[in-house]
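If you want the building blocks of each chain, they are given just below.
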Amino acid sequence: MSRLLIRNGRVIDPSRGWDEVSNVLVEDDRIAAVAPALEAGDAQVIDASGLVVAPGFIDMHVHLREPGLEHAETIESGSRAAAAGGFTSICPMPNTIPVNDNAPVTSFMVERARRFAIVNVFPVGAITKDSAGEQLADIGAMKEAGAVAHSDDGPPVMNSAATSTKASSRAASACAAFPPVRKT
Ligand SMILES: [Zn+2]
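The rules behind the values
Residues numbered from 1 in each chain as written. Predicted model: local features only at pLDDT ≥ 70, side-chain atom pairs only at ≥ 80, totals over all residues. Pairing = 2+ DSSP bridges. Helix = DSSP H or I, 4+ residues; strand = E, 2+ residues; numbered from the N terminus. Contact = placed C-beta atoms within 7 Å. Axes fitted to C-alpha atoms, helices over the stretch in contact; angles between N-to-C directions. Buried ≥ 20, exposed ≤ 12 C-beta atoms within 10 Å, placed from the backbone. Arc of directions from axis to C-beta. Core = buried A, V, L, I, M, F, W, Y, C linked by C-beta atoms within 7 Å. Expected span 1.5 Å × (residues − 1).

The strand order β6-β7-β8 describes an open sheet built from three strands, whose pairing is parallel. The open sheet is flanked by β6 (57–62) and β8 (120–121), the only strands paired with a single partner. By the bridge criterion, four bridges tie β6 to strand β7 (residues 87–92) in an arrangement that is parallel. Each bridged residue has a counterpart across the sheet, and for Ile58 the counterpart in β7 is Ser89. Contacts from helix α1 (residues 75–84) reach β6, β7 and β8 within the one sheet, and its direction differs from that of β7 by about 135°.

What follows concerns the environment of Gly125. Its location among the elements puts Gly125 in strand β9 (residues 124–125). Residue Gly125 is classed as buried on the basis of its 30 C-beta neighbours within 10 Å. Considering only alpha carbons, one finds Gly125 and Asp153, 28 residues apart in sequence, at a separation of 9.5 Å. Not counting residues up to four positions away in its chain, the partners in contact with Gly125 are Pro94, Asn100, Asp101, Thr106, Ala137, Ile139, Met142, Ala147 and His150.

The next subject is unusual backbone geometry. In this chain, Glu66 is followed by Pro67 through a cis amide linkage whose omega measures 10°. Secondary-structure assignment places Pro67 in the loop between β6 and α1. Across the junction of Ile97 and Pro98, the peptide omega takes the value 0°, indicating a cis bond. Topologically, Pro98 is positioned in the loop between β7 and α2 (103–116). A positive phi is found at Asp28, a non-glycine position, where the angle reads about 50°.

Next up on the list: α1. Taken together, the buried positions of α1 are occupied by Ile75, Gly78, Ser79 and Ala82. Here the buried residues of α1 occupy an arc of 100° about the axis, which is enough to place them on one side. In the core, the buried residues of α1 are packed alongside β6, β7, α2 and β8. Backbone geometry just downstream of α1 places Gly86 in the positive-phi region, at approximately 95°.

Attention shifts here to the nonpolar core. Core analysis: the largest hydrophobic core is formed by 25 residues, its most contacted members being Ile75, Met109, Ala113, Val121, Ala137 and Met142. If you list the elements that add at least two residues to this core, you get α1, α2 and α3 (139–145). Ranked by residues supplied to this core, first place goes to α2 with five residues. Those residues within four positions of Met142 in sequence are excluded, and the remaining contacts are Asn102, Ala103, Thr106, Gly125, Ala137 and Ala147. Grouped together as the second largest cluster of nonpolar side chains are six residues, Leu5, Val11, Val24 and Leu25 included.

Take α2 next. In this model α2 runs 20 Å from its N-terminal to its C-terminal C-alpha over 14 residues, within 8% of the 20 Å that 1.5 Å per residue would give. Residues of α2 that are buried include every one of Ala103, Val105, Thr106, Met109, Val110 and Ala113, and no others. Seen along its axis, α2 keeps its buried residues to an arc of 165°; they face one direction. Across α2 from its buried face, at more than 90 degrees, point the exposed residues Pro104 and Arg115.

And the structure:
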């Protein structure tokens, strides 16, 4: 069993009302104990004095440059940047090249993330084709491929027909047809 003791950090966990200097013992990648006094034993020890120890952050709005601009950033390098900042789940916007407005692009991102990312990557699919604000994208297919939400990022949806009650309810029912994606 691998054991890791994170010692003397300021442990903050709003879900438990914790905000105190304490120790966190991790066994086989699971938190085994949080307490002011824990014996290190054979555990690897990290001194977190002066640092915050918290559950992984989630960023609902990031821009990864893969596919299309891999010279600037890849899903792998973006995931490493996220981890360095304490983020363990990120949701990349669809403004890639091509735009993530269809299932093959979503699947590509999910597969690249599965192989290379070191944090959870939950793609956000476009609402409209090419994020041009005119025609509703195939939201159901993207959802099935692993998109967890839909946005055109910065641009507004220009064509009211794309957001009409009928189109919106079609998109909503397409999303409702699939259960939420969960990664453990
Ligand atoms: Zn954005």
